[in-house]
Amino acid sequence: MMAPQGHGHHLQHLIFIFFFLIYSPLVLGADQNTSTSAKNNVRDIVKVGVILDTSSWNGGISWSCMQLALEDFYASNPDYTTRISFVLRDLKSGNASRPDPNGDVFAAAVAAVDLLKNEQVEAIIGPQTSSQAKFLIELGNKSNVPIISFSANSPSISSSQIPYFIRTSWNDSSQATVIASIAQHFNWREVVPVFEDTDAGNIFVPYLVDALQGIDAYIPYRCKIPSGASDRDINATLEYLKANRTRVFVVHMSYQLALKFFSSAKEKNMTITDDFVWITTYGLTDIVDLAGSNASNVMQGVLGIQPFIPNSMRQNISMRLRNKYQVNREPTVFGFWAYDTVWLLARSVTHANLSFTASNELYNSTDFSKIGVSEMGPTLKASLESANFSGTSGDFNLVNGQLQSGIFEITNVTGAYNHPVGNWSGGNISINWSGKNNTVPKGWQWPTTNKTLLIGVPKKPGFEEFVKPNKTASHNFSGYCIKVFQAAIDLLPYNVSYTFQEYDSSYDELVYQVYLKKYDAVVGDITILANRSMYADFTLPYTESGSRMLAPIKDVNKKSPWTFLEPWTPTLWLTTGAFVFLTGITVWLIEHRVNKEFRGNRTYQMGSILYFAFSTLVFAHRERMVSNLSRIVVITWVFVVLILQQSYTASLSSKLTVEQLQATVTSIEQVIKAGQKVGYLEDSFTPALLKRLGFKEEKMISLSSPSDYNEALSNGTVAVVVDEIPYLKVFLKKYPNNYSMVGPTYKSDGFGFAFPKGSPLVPDVSRAILEVMESNNMTKFDEELYGSSTYTDKGDTSSSTSLTFHSFMGLFLITGVSSILALIIHAFLSSFQRHNISTSTESVQNPLQKDELKEEDQSHGHTMTSPNFSDHTEITIISPDSESDFGETSNDEGTPEREISNSQIEMPSFGEMLDHTREGSNE
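This section reports on the structure supplied with the text. Remember, it's a predicted structure, so these values are computed and weren't measured experimentally.

## Quick word on the packing of aromatic side chains
Then comes step 1: Overall, the coordinates contain 47 aromatic pairs when judged by the stated rule.
Then comes step 2: Ring centres 6.3 Å apart and planes at 90° place the aromatic pair Phe 466 and Tyr 480 in the edge-to-face group. Placement of the pair is Phe 466 in the loop between β18 (453–458) and β19 (468–469) and Tyr 480 in helix α15 (residues 480–490), with a sequence separation of 14 residues. Across this residue pair, the class does not change: Phe 466 and Tyr 480 are buried.
Then comes step 3: With centroids separated by 6.0 Å and ring planes inclined at 75°, the aromatic side chains of Phe 477 and Phe 500 adopt a geometry described as edge-to-face. Placement of the pair is Phe 477 in strand β20 (residues 477–478) and Phe 500 in strand β21 (residues 498–503), with a sequence separation of 23 residues. Summarising the burial analysis for this pair, Phe 477 and Phe 500 share the class buried.
Then comes step 4: The ring centre of Trp 444 lies 5.6 Å from the NZ or CZ of Lys 442, which sits over that ring.
Then comes step 5: The side chain of Lys 729 reaches across the aromatic face of Tyr 786, ending 5.3 Å from its centre.

Below, the structure is given as structure tokens:
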């Protein structure tokens, strides 16, 4: 891809060259290849043009490396019959560092025309800069002659879209990822590019921006320096850099400009020891090797990146250049690429039968139309692109005419040399560098020169507990938010100078002022919201988050003459009464046939049942129970009664002695349904929340202070107030007895401090806030704001304390089961006893009849007299039809009298009968 100027711009320059050649004869030396070592078996010599400025540092070393490479290649391959011969066009500028790299653009174009037209070269190595390359590639495409460059590495020149341009250096864009990896390794979130105002510099920066975005870092601004900048211009640039907070700079410029720049930076104490980080790109990293102490003295601590060259290879080439060509400088990376480029070209021409078709015009002809077209250019191009070998800087592999990048080396200037400290390969980075005093610079500094933060604070007439002007306080402001901010700033490891300024407008407008750079920060009761975070970065919140509803409360536990009934629900009262009767009837059914205390007339027995049943509630029953079954029933019931009694007593005591408060409103839906109004804090985000909840705008009332809250809630202007929890707690500190927070918490992110987007203060202040919150200072601040007592929702006690049947269902189940089982067992035993008595009666009657037993019919029974017993011994049998409904009889006085039923016969014991017989015998 061509430069942004387009092909039209390049053609204008070519036309200019055309007229220049017409009126000015070409006066360029035709230095031929100095090598005369061709052997007798050499059949073909292939001319290769070279366009360099050998007077420049880069050009001079590169030319020496090319000559050395040519000798090394044919020494290693003596049987090659086709050999290349250099035709040099030296663009000597007379200045080793060339302050104006674009000054030789026209001269390079003229040299290329000469090489193509008059020397009929098969390839051109060069040009030395990207600006020169943009003109030469047009000539290469026209003549099908490959233009090979080892130093024109600007991303603006795309080899894949320019057929006859071969780049044997790494594309500048490849090092952007390496720089981003370094920044990520040291956690530098801001990087400022300082670059020369050339095509190469302007094109490189966007690639750096993209790479930094990939690690969540960014470029706050760009610093562009003209190629011919004066010392005054450079000093002004450095002052600007020093005045801003970012301290990480990527330097991408020529050698001459870089020396001036770093010299001025050292004079202004902008070195690594002053927390400034400088990173040089690979076109500049080797300046220490080129300029020696002139560069190392002013670049101490500078990080650099460059292609990795094995140390053994570097030393070998350096020693041979010094011995053969008297080169006293270390070869640059471009020198190694120049060496590999010669090997590439020498290998490629051997595999192609090259010829060149051109006109027979005389030397110095300036007719562009007479420039020939290489017939073997496509073959040579294909041979170049297919080459793959091991070069001095690693694998030499071309893809679409572009040398693929490999391992990068990271260096650090310490002393007089560039020392390797790490490497990068395929995204993996390894660095062992910590700078002076083993401290890695944090990459930014605040405040900068004579910089004091201007901090905006909101005007808050209602809740002044958070922020208020105070001439006697530090920085003329006091309040909860000010205390937290100052405590956090005091914990920072560096000094921050600041001053407060009150801003009388909405909170959204105040945050927006940070975006407009009117304020460097905002401190106050600023809630962190999504829309506000679009214009500023917030610290971590330092208050409780969320909003709730504030409602009046009332005592719902009114005392009345029937308060004693309230501990139990009606269901529990009815269930208890039912089980009272169940227990009484169960005991009567078991006891009344065997226990005279449960006999008598119907009225008496009914009263006995009721008395016994209710007396168990107070443990006052006096009846003696004969049956074990009835005792089990009563014991189980008494246990249930004990628990019921204790629970009733506790609940009644609570209702009579404890105040029970309940909020007049318990939910937002209740307010909306009733059409009541809601209050909110003026100039807050709450209206948006209320609208989302379903309130209409006419139902929302703006309030500005705690006293407004109290008045509106007291006179019924609003049913509830919805506000953030910190404000409500401050209100409840002043009015603790009449209101309560009720309902759910509507989430928000609490209060935070706002800073400009990307401010490096945000993470540091956030960490400091965490330290404050974990310290006793935060407890002290909270107590001063909310009071020492812990707040509890009074509305939470509004639920009924009446005991329900469900709470005692298990107990009722136990006593019910015991009563039913007792009745079943009693019925079974009674049936069994009747059967045994019936059998016993038959066996007794037969012997009595044999002994002339007297029987006397009576209206209610029969009396039998046994001759074997005493005359006083009687057996009375009561027939079933002679019993009363309850199975008993009474005497004349109405007193229950125990008689023998058909299921039971009252007879003397065997011992009594034996004693009675003995007494009769004695008589």
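## Focus on the packing of helix α23 (residues 725–734) against helix α25 (residues 776–786)
Then comes step 1: Where α23 meets α25, the closest approach of the two axes is 8 Å, and the angle between their N-to-C directions is 55°. The angle between α23 and α25 places the two elements in the oblique class. Side by side, α23 and α25 meet where Pro 726, Lys 729, Val 730 and Lys 733 of the first sit next to Glu 784, Leu 785 and Tyr 786 of the second.
Then comes step 2: Its residues assigned to classes, the contact of α23 with α25 comprises 4 nonpolar, no polar and 3 charged.

## As for the sheet that holds strand β11 (residues 303–307)
Sheets are built from strands that pair by backbone hydrogen bonding, the pairs being arranged parallel or antiparallel.
Then comes step 1: Reading across from one edge, β8-β7-β9-β10-β11-β15-β16-β17 is the order of the 8 strands in this open sheet, with mixed pairing throughout. Edge positions in the sheet fall to β8 (223–225) and β17 (428–431), since each has one partner strand and no second. In this sheet, adjacent strand axes meet at a mean angle of 25° when their direction is disregarded.
Then comes step 2: Relative to strand β10 (residues 277–280), strand β9 (residues 248–252) is paired through 4 bridges, and the arrangement is parallel. Note on β10: the bridge partner recorded for Val 250 is Ile 279.
Then comes step 3: Against the sheet, helix α6 (residues 199–213) contacts β7 (192–196), β8 and β9, and its axis sits at roughly 160° relative to β7.
Then comes step 4: Sheet strands touched by helix α8 (residues 255–267): β7, β8, β9 and β10. Its angle to β10, the strand with the most contacts, is close to 170°.

So, how was this worked out
Residues numbered from 1 in each chain as written. Predicted model: local features only at pLDDT ≥ 70, side-chain atom pairs only at ≥ 80, totals over all residues. Heavy atoms only, no water. Phe/Tyr/Trp six-rings, centres within 6.5 Å; stacked < 30°, edge-to-face > 60°. Helix = DSSP H or I, 4+ residues; strand = E, 2+ residues; numbered from the N terminus. Buried < 20%, exposed > 50% of the residue type's maximum accessible area, 1.4 Å probe, protein only. Lys NZ or Arg CZ within 6 Å of the ring centre and 35° of its normal. Axes fitted to C-alpha atoms, helices over the stretch in contact; angles between N-to-C directions. Parallel < 35°, antiparallel > 145°, perpendicular 65-115°, else oblique. Contact = heavy atoms within 4.5 Å. Nonpolar A, V, L, I, M, F, W, Y, C, P; charged D, E, K, R; others polar. Pairing = 2+ DSSP bridges.

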